[in-house]
Amino acid sequence: MTWQDIPGWTCKDTLALYSEWANDIDRGTIVEVGCAYGRSFAFLGSVVRRRVDIVAVDLWSEHMGGDNLHPSVFERMQSYGSPIESFRTNLELHGPDRHMRIVQGESSTSEPTSRRGFRR
Ligand SMILES: C[S@@+](CC[C@H](N)C(=O)[O-])C[C@H]1O[C@@H](n2cnc3c(N)ncnc32)[C@H](O)[C@@H]1O
């Protein structure tokens, strides 16, 4: 099971950019804003070095894809619970086995407080 088993809207440019970061970034933190069900975030986690912190930020205010995912896929996402629970479940089932931080909130107000944590 891999990031490709997670439904989403990840474009080729995003995958290319994250692959470039995987080669170029040795340490520090990468924040993805807009993760939805976790497809691109799981890819990011599978390619960047383990000592690079990765942080997922999203509102997770609604289940995405009611109008463009296959109905059975959309129903499966809903069956996992709230949008953020769907994200967590997808990462557990299909994501890389590594530490990642999750921040639910508006990107403009999700500020870093320290190297160890973020607050809303
Ligand atoms: C197209 S989806 C992201 C697709 C995802 N990267 C993938 O690989 O499938 C856009 C996401 O951005 C989130 N979003 C939109 N505006 C936001 C904001 N201001 N702050 C945080 N998240 C936001 C939405 O909740 C939604 O989940």
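Residues numbered from 1 in each chain as written. Predicted model: local features only at pLDDT ≥ 70, side-chain atom pairs only at ≥ 80, totals over all residues.

1. A few points about the overall build of the protein chain
- Looking only at helices and strands, one finds four helices and five strands in the protein chain.
- Mapped in sequence order, the helices and strands of the protein chain form the string α-β-α-β-α-α-β-β-β.
- The C-alpha radius of gyration of the protein chain comes to 14 Å, within 12% of the 14 Å expected for a compact globule of 120 residues.
- Dimensions of the protein chain, computed from C-alpha atoms along their principal axes, come out at roughly 40 × 30 × 25 Å.
- Residues counted as buried form 24% of the 120 residues belonging to the protein chain. (Helix = DSSP H or I, 4+ residues; strand = E, 2+ residues; numbered from the N terminus. Rg over C-alpha atoms; globule rule 2.2 N^0.38 Å. Buried ≥ 20, exposed ≤ 12 C-beta atoms within 10 Å, placed from the backbone.)

2. A few points about the nonpolar core
- Core analysis: the biggest nonpolar cluster contains 18 residues, and Cys35, Tyr37, Phe41, Ala42, Phe43, Leu44 and Phe87 have the highest contact counts within it.
- Those elements that place two or more of their residues in this core are helix 2 (39–47), strand 2 (52–58) and helix 4 (83–94).
- A per-element tally of this core places helix 2 first, with four residues.
- In contact with Leu44, other than residues within four places in its own chain, are Tyr18, Ile30, Glu32 and Ile54. (Core = buried A, V, L, I, M, F, W, Y, C linked by C-beta atoms within 7 Å. Contact = placed C-beta atoms within 7 Å.)

3. A closer look at the environment of Gly38
- Counting through the fold element by element, Gly38 comes out in the loop between strand 1 (28–33) and helix 2.
- Overall, the presence of 29 C-beta atoms within 10 Å leaves Gly38 in the buried class.
- For the pair Gly38 and Gly8, spaced 30 residues apart in sequence, the C-alpha separation works out to 7.4 Å.
- Once you skip the residues sitting within four places of it in the chain, Gly38 turns out to touch Ile6, Phe87, Asn90, Leu91 and Gly95.

4. Considerations on the site of the ligand
- Taken together, 15 residues surround the ligand, and among them Gly8, Gly34, Ala36, Ser40 and Ser107 come closest.
- Of all the secondary-structure elements, those providing two or more residues to the shell around the ligand are helix 2 and strand 2.
- A class-by-class count of the residues in the shell around the ligand yields seven nonpolar, five polar and three charged. (Near = placed C-beta within 6 Å. Nonpolar A, V, L, I, M, F, W, Y, C, P; charged D, E, K, R; others polar.)

5. Comments concerning unusual backbone geometry
- Phi is positive for Ala36, close to 50°, though the residue is something other than glycine.
- Considering the arrangement of structural elements, one finds Ala36 in the loop between strand 1 and helix 2.
- For Trp60, which is not glycine, the phi torsion reads 45° and is therefore positive.
- Locating Trp60 in the fold gives a position in the loop between strand 2 and helix 3 (71–79).

6. Examining the environment of Arg49
- By secondary structure assignment, the location of Arg49 is in the loop between helix 2 and strand 2.
- We classify Arg49 as partly exposed; it has 13 C-beta atoms within 10 Å.
- Distance from Arg49 to Gly65, taken between C-alpha atoms, is 31 Å for residues 16 residues apart in sequence.

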